[in-house]
Amino acid sequence: MYHTMKTFIFSVVVALTSWSAPFPVSGTSMMTDPEEGRFLEPHGFRLKTTNLKWTVVPDEKASIFQTFRFAPTNGQTAQLTVRKDDLGQQKNLEVYAKKWMREYPQYGFEILTTKNMQIGGGDGLLIDLVHRGKNQQIRQLVLHKNKKVVILTCLDDISKFRSTVSDCNQMMTSFSWK
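Here the residue numbers are simple positions, counted from 1 along each chain's written sequence. Given that the model is predicted, a residue must reach a pLDDT of at least 70 before its local features are reported, and side-chain atom pairs must reach 80 or more before they are shown or counted; all residues, however, enter totals for whole chains, interfaces and linings. Here the side-chain values reflect all heavy atoms present in the structure, with hydrogen atoms and water set aside.

Colleague: Whenever I open this one, the overall build of the protein confuses me. Can you help?
Modeller: Per the secondary structure count, the protein includes four helices and nine strands. Along the protein, helices and strands appear, N-terminal first, in the series α-β-β-α-β-β-α-β-β-β-β-α-β. To sort residues, take the accessible area from a 1.4 Å probe on protein chains only and compare it with the maximum for the residue type: under 20% means buried, over 50% means exposed, and anything in between is partly exposed. Burial status across the protein gives 40% buried among its 178 residues. Contacts are residue-level and defined by heavy atoms, with any inter-residue pair within 4.5 Å sufficient. The contacts of the protein with a sequence gap of at least 6 include a subset with a gap of at least 24, amounting to 40%. For accessible areas, the Shrake-Rupley method is used with a probe of radius 1.4 Å. Any residue's cover is judged against the shown protein chains and nothing else. Carbon and sulfur atoms make up 55% of the accessible area of the protein, which amounts to about 10,400 Å² in all. For the purposes of this entry, the term helix denotes a DSSP run of H or I that reaches at least four residues, the term strand denotes a run of E that reaches at least two, and both are numbered from the N terminus.

Colleague: Looking at this structure, I do not really get the nonpolar core. What am I missing?
Modeller: As a rule of thumb, soluble globular proteins bury nonpolar side chains together. Residues L47, W54, F70, L80, V82, L152 and F175 are the most contacted members of the largest nonpolar core, which totals 24 residues. Every element with two or more residues in this core is listed here: strand 3 (67–72), strand 4 (79–86), strand 7 (136–145), strand 8 (148–157) and helix 4 (161–173). The element best represented in this core is helix 4, accounting for five residues. Of all hydrophobic cores here, the second largest spans 15 residues; its members include L93, A97, L125 and L129. Nonpolar core, defined: a set of buried Ala, Val, Leu, Ile, Met, Phe, Trp, Tyr and Cys residues in which side-chain atoms within 4.5 Å join the residues together.

What follows is the structure, given as structure tokens:
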């Protein structure tokens, strides 16, 4: 609770002193503009949706799991979730990811591809999956730096995924650690 309050106070001070709008915390403030992704900086990263018609949507589990959800403003079924985690006792990103990748087939997912990469100032693992029973396709990007992990998950119907993944890729490549 103390850490959360300290983070909130820090965020307000930064908003009022560094990126202030003509009227603090107004709609034109860079700090509150979801397209700029600065509201995520207290969590150690930034993710932009600039020039995309996606916005942050409320998530009931957000405070428990440190999850954020983005969705297109045009009412489509697509979504991009952002989840923060700690690497824990795992030695590296691949060990962390393989731990739960083994479980994907049990839940009906088929892993199409995996690819290691460097992105946003840290290590990344890109995973493409499909769940034919639910007609869903997923692209996950697992990012790691300094024992911190952020998991970006792009999800949509298989038939719509090709257009959705373009927007998701743009958001994913805008990711940067702070």
